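Structural description and commentary
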Amino acid sequence: MNVLIDNLALYGEGLLGTVELTVYGSLLALALGFVMASFRVAPVGSLRAFGTVWVTVLRNTPLTLLFFAVMLGLPRFGIVLPFQLFAILALGCYTSAFICEALRAGINTVPTGQGEAARSLGMTFVQTLGDVVLPQAFRSVIPPIGSTLIALAKNSAIAGAFSVTELLGTYKTLNELGYSIIWSFIWIAVGYLIVTLSISAIFNLLEKRYGVAR
Amino acid sequence: MTTSTALYDIPGPLARRRHRLYGVLATIVILAVVAWVLYLLFDTGQFTAAKWTPFAYEGIQEMLLRGLGNTLKAFAYAAVLSLALGGVLACGRLSVHRPLRWAATIVVEFFRAMPVLVMIFFVFVALKVQPLPALVTGLTLYNGSVLAEVFRTGVNSVERGQREAAYSLGMHKTQVMTYVLVPQALRAMLPTIISQLVVALKDTSLGFLITYEEFLHAGKLIAGNLDYDLPFIPVVMIISPVYIGMCMLLSWFANWVAKRQRHSPKTEAVEVAPPEPGTLMPGAGPHP
């Protein structure tokens, strides 16, 4: 218990770092995932191919390798950014591939008849997309997106090993200060549980509010 | 477009011409980006002979191969052990004894909600274990818990009639499990199990962070060598295709199995799930 009370500031900073990585990473992943999903369902061949390559490559890349390449590789091109930004970039790009697949699967669950009916009522493409297809797709993608974002929060631990301030990294300082390692890890675990369970709670609420009534 | 979506009609001649124009424009943009990246690579001197000579030396090739061997070794241990742990935990969760079920549920939910890296670091730092056992333990705990959920959903998704028929033939619960439910569930779940193993293979690279001498670690050693002008980008260019290739091969295998199973009469009573990366939601969700 002492470990937590004595180092509340340190733990707070770490938790904040994890939350920041998760939130910014999620935003980037959602934005990029949306773009890639729209590429993958586009009627234009080269965009579809680009989206497919993006998803296939990133889904099969170990995240550690991606971190390694982004954190240590981009500076070779003269791109120097704070480590946290690099971490968000790596996390966001990696997760965008999974978000893209979830969104595409969601769009594909909308029956063809829905779009046909919308068009036969004279709706334009934008209206069809915004008023008919996307609202229905949104309902069915809530659970998969939720689990993807939880995975992102858990993956953000890797950033700690690349010297970004976040929860897992606090063990090093505590270790040097001579606190019990086991207890410091227990509190780190509690921190992660708080983050993952809150994301889970948010998405359960969303699911309850907007999910498809089956 | 061969598949029809709700998004648009089958394009007519005018729309097809427009799409072709977009296609040409998009191709130009993509090629421009590729060209820019290539220019950057050349401009920062990534293709100079000095940076690529190390890969011609036998010692360095051996080091890379040894790293790859260590990666595969960790993967093999983790795969076998997590399948075993998954089986045990799934038995626990499907048990008729309530305390056993609760204990298994707590274990599964806890390890699924924890980042793998926290477990690996805990075993490595707090329990002071060698890197390989630490890595394997972490991977086993996480993937075993996820696989336990996969096994459990698999057994539960076998049509109810199968279980009822088995009981009415006078089988007892172990027989129902081993002769009727598990064989069907395993076949149907095979694609998902394989894609969870892809996750395990990808996560072996976490060993790099606890100084386990695996593939990425070997790459790091070469990349940090001043004699060869710090060949960082060449190392990434050699390592990533190997990693991505291995994972893609395994994912492709999972897809192939899934496609076969869908037409197989042996899995008729179970709905074959498409292979998905194992990131189910902890807690109450659509997958209880």
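Just above sits the structure.
A brief look at the structure comes next. If you're wondering where the values come from, they're calculated on a predicted model, not measured in any experiment.

**A look at the side chain of Ser205(B)**
Within the secondary structure layout, Ser205(B) lies in the loop between α8 (173–203) and α9 (215–223). At 2.8 Å, the side chain of Ser205(B) and the backbone oxygen of Lys202(B) are in polar contact. For Ser205(B), the contacting residues outside a window of four places in its chain are Pro62(A), Thr64(A), Glu214(B), Leu216(B) and Tyr243(B).

**A closer look at the environment of Ser46(A)**
Its place among the elements puts Ser46(A) in helix α3 (residues 45–59). Taking relative accessible area as the criterion, Ser46(A) reaches 19% and is therefore assigned buried. In contact with Ser46(A), other than residues within four places in its own chain, are Gly23(B), Ala26(B), Thr27(B) and Ile30(B). A polar contact of 3.2 Å, which involves the side chain of Ser46(A), links it to the backbone oxygen of Gly23(B).

**Here's the deal with a nonpolar patch on the surface**
The grouping of Ile182(A), Trp183(A), Ile186(A), Val190(A), Ile194(A) and Leu127(B) at the surface amounts to a nonpolar patch, some 500 Å² of accessible area in total. Along the chain, Leu127(B) turns up in the loop between α5 (116–126) and α6 (131–156).

**Notes on the packing of helix α4 (residues 63–73) of chain A against helix α10 (residues 232–262) of chain B**
Where α4(A) meets α10(B), the axes come as close as 11 Å, and the angle between the chain directions of the two elements is 165°. One way to sum up the angle between α4(A) and α10(B) is to call them roughly antiparallel. With respect to the hand of their crossing, α4(A) and α10(B) are arranged in left-handed fashion. Taken together, the residues of α10(B) that come into contact with α4(A) (itself represented by Leu65(A), Phe68(A), Ala69(A), Leu72(A) and Gly73(A)) are Phe232(B), Ile233(B), Val236(B), Ile239(B), Ser240(B) and Tyr243(B).

**Notes on the packing of helix α7 (residues 125–155) of chain A against helix α10 (residues 181–210) of chain A**
Residue and element names in this part refer to chain A. Axis separation between α7 and α10 bottoms out at 9 Å; the angle between their running directions is 175°. With respect to α10, the axis of α7 lies roughly antiparallel. The segment α7 lies against α10, with Phe138, Arg139, Ile142, Pro143, Ile145, Gly146, Leu149, Ile150, Ala153 and Lys154 engaging Tyr192, Val195, Thr196, Ile199, Ser200, Phe203, Leu206, Glu207 and Tyr210. Its residues placed into classes, the contact of α7 with α10 shows 13 nonpolar, three polar and three charged.

Cut-off values and rules
Residues numbered from 1 in each chain as written. Chains lettered and ligands numbered in written order. Predicted model: local features only at pLDDT ≥ 70, side-chain atom pairs only at ≥ 80, totals over all residues. Heavy atoms only, no water. Helix = DSSP H or I, 4+ residues; strand = E, 2+ residues; numbered from the N terminus. Polar contact = N/O pair within 3.5 Å; in protein donor to acceptor, adjacent residues only side chain to side chain. Contact = heavy atoms within 4.5 Å. Buried < 20%, exposed > 50% of the residue type's maximum accessible area, 1.4 Å probe, protein only. Patch = residues over 30% accessible without salt bridge, like charges linked within 9 Å, V, L, I, M, F, W, Y side chains within 5 Å. Areas by Shrake-Rupley, 256 points an atom, 1.4 Å probe, with all protein chains shown as cover. Salt bridge = Lys/Arg side-chain N within 4 Å of Asp/Glu carboxyl O. Axes fitted to C-alpha atoms, helices over the stretch in contact; angles between N-to-C directions. Parallel < 35°, antiparallel > 145°, perpendicular 65-115°, else oblique. Left-handed = near helix turned anticlockwise from the far one by under 90°. Nonpolar A, V, L, I, M, F, W, Y, C, P; charged D, E, K, R; others polar.

That's the geometry; what it means functionally is another story.
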